[in-house]
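Examination of the molecular architecture
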Amino acid sequence: MANLRLELPVLQNWSCHNCGGCCRQHLIEVTEAERQRIIGQNWTAADGVDQPVLAWHAGPPWKKRYRLTHRSDGGCVFLDDKGLCRIHAKFGEAAKPLPCRIYPFAFHPSGKSFTVSLRYSCPSVVANLGTPTSKRSNELRRMAEEVIPASAINSPAPLLTPNDRVDWTDLQPFVEALDHTLADLSTPIVVKVVRAIAWTTLVGQASFEKIRGPRIRELIALLMEAARLENPHVPESPEEPSRVGRLYFRTLVAQYARKDTVADLSSGVWGRWRLLRAIVRFTKGSGNIPSLQTGLKEVPFSALEPSFGPIDAEAEEILTRYFRVKTTGMHFFGSAYYDIPFAEGFHSLALMLPVTLWLARWHAVSDGRDRITAADVSRGLAMADHHHGYSPALAQYAARRRVRSLVELGDLTRLCYWYSR
C-alpha cells in the first residue's frame, strides 16, 4: 500500500467544525476488537455516560453485530454538550471506531492507486471549509491503509457497461472525460450534467469488446462533441417531465428526503407506519408534501413546480464541486456505488441535481420564499447525499429500474432542466 498513488480531490477543503451532525445521523457499527476496546475504557456516569455504550442491532445471537448507542435526543452516547467526542477527548482520536475516524472521507481502489472522495452530508464539506485535502496526504494515506485491503490492488476494474469490462488503464479516460465535461466554468451546471448524461448513455449502449487503447479516447471525444452540439445551452422553454417520469422521480426523491437516524430507525411500528403513509403521499403527488425532516413544512407539491429563477453563482460552485469530487473520486459506480456499471452509476449521480434542487425549493417554500438561495441548495445537497451510495433502498432493483426508465424516457434530462429554471 505504501507505493500506491494517492489521488486527491484538490478543489475540496475540509476540517471538522464540531457541529455534531455526523454523531446524530449515522449508525456506527463496531468490530469485535473495537467493542472490546470500548468496553475496556470503563465508561461511567462520572464521564457523562449514564447508559450502555453499545447495543446489539443485527445478526443472530451467536454472531451479534454491535453499534454505538444513541441517547433519546438522537445524539451518540459519546457526544458531549460541546459537540465533541468523549472517546477522542479522553483517549485520543486513534481510540475511536474506524467509521468515526474516516468520516467524511471515502476511499476507492483505482488500479495501482486509490482515489479519495467526500460525503456531502457534512455541512463543512458542502461549505468547503477547512484544510485543503492536498495538505492532508499523509493523514489520508494512513486512513486508506486501514480501509482498503492490500488485495484491492489486484481487483479488476468495475464494469463499464452491463456486458463489458475494460482494464483500469482503459477505464480512466471515461472518468477523466466526465471531469472535463463538468469542469467547464463557462457553462451552467445543468447543461454540463445534461451533456454528461447524453454521452454516458451512448457509452452504456455501446459494445467495447474490440475497442481498446487510443480508440477509446477517440470514441469518447466524438461522443462528447456530439453531446455538446446537441445541448448547446439551457432551453428557453424546458419541456415538462412526463407523468410517468414525475411519478418515478417523486418515488426516488422520497428516499433521499427521509431521515434515517438511529432514533428514526428505532421508532417502531408507528415510525414505519408514518414513513409508509409519507411514501404513499409522494407517490400520489397531490395535496401537501409530508414533512420528513425538521425545517421542512407540509407545503403543496404544486408549490415546487413554478420557475424559481436561475441558480446563482454560489450554488453553481457548490454543485460543480460536488459533481467533480464524486466523479474524480470514482464515488458513483463499482464498489463505491452498489457495484453498478459506469454509465448507470453516473445517471444515478446526475439524478442528484434535480433531487437537490427539488429539496432546495422545498426549503425555500417552507420559509415563505419563491426563490432558492445557495443555502437552500446546500441544505438540499446535504440531505440527499446522506443517502447517496449508502441507502440500501437505492441499491434495490426497483430503484435502479426507475433511474434507468428516467433515462430511457428522456425524463432525467427534462427533470434537470425543469427544476433548474
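This report concerns the structure included in the present document. Nothing here was measured: the structure is a model prediction, and the numbers come from that model.

1. Regarding the packing of aromatic side chains
Under the counting rule described, the total for this entry stands at 18 aromatic pairs. Taking the centre distance of 5.5 Å and the plane angle of 20° together, the rings of phenylalanine 249 and tyrosine 419 count as stacked. Taken as a pair, phenylalanine 249 in helix α10 (residues 243-257) and tyrosine 419 in helix α19 (residues 411-420) lie far apart in primary sequence, 170 residues in all. Residue phenylalanine 249 is classed as buried on the basis of its relative accessible area, which comes to 1%. Through successive ring pairs, a cluster of aromatic residues spans Phe174, Trp199, Phe208, Phe332, Phe333, Phe342 and Phe346. A cation over an aromatic ring shows up here: arginine 119 above the ring of tyrosine 390, its NZ or CZ 3.4 Å from the ring centre.

2. Examining the pairing of strand β5 (residues 65-68)
Two elements, strand β3 (residues 29-30) and β5, share 2 bridges in a ladder whose sense is antiparallel. Residue pairing for β5: glutamate 29 is matched across the bridge by arginine 67. The antiparallel pairing of strand β4 (residues 54-58) with β5 creates a hairpin that spans 6 residues between the two strands, and glycine 59 there sits at a positive phi of about 90°.

3. Examining the sheet that holds strand β6 (residues 105-110)
Ordered in space as β1-β7-β6, the 3 strands form an open sheet in which the pairing is mixed. Both edges of this open sheet fall to β1 (5-7) and β6, since each of them pairs with a single strand only. Strand-to-strand twist across the sheet, computed as the mean angle between neighbouring axes with direction ignored, equals 25°. Across 6 bridges, β6 lies against strand β7 (residues 113-118) in antiparallel orientation.

4. Looking at the sheet that holds β3
Across the sheet, 3 strands lie side by side as β3-β5-β4; this open sheet has antiparallel pairing. If you trace the sheet from one side to the other, it starts and ends with β3 and β4, each paired once.

Procedures and definitions
Residues numbered from 1 in each chain as written. Predicted model: local features only at pLDDT ≥ 70, side-chain atom pairs only at ≥ 80, totals over all residues. Heavy atoms only, no water. Phe/Tyr/Trp six-rings, centres within 6.5 Å; stacked < 30°, edge-to-face > 60°. Helix = DSSP H or I, 4+ residues; strand = E, 2+ residues; numbered from the N terminus. Buried < 20%, exposed > 50% of the residue type's maximum accessible area, 1.4 Å probe, protein only. Lys NZ or Arg CZ within 6 Å of the ring centre and 35° of its normal. Pairing = 2+ DSSP bridges. Axes fitted to C-alpha atoms, helices over the stretch in contact; angles between N-to-C directions.

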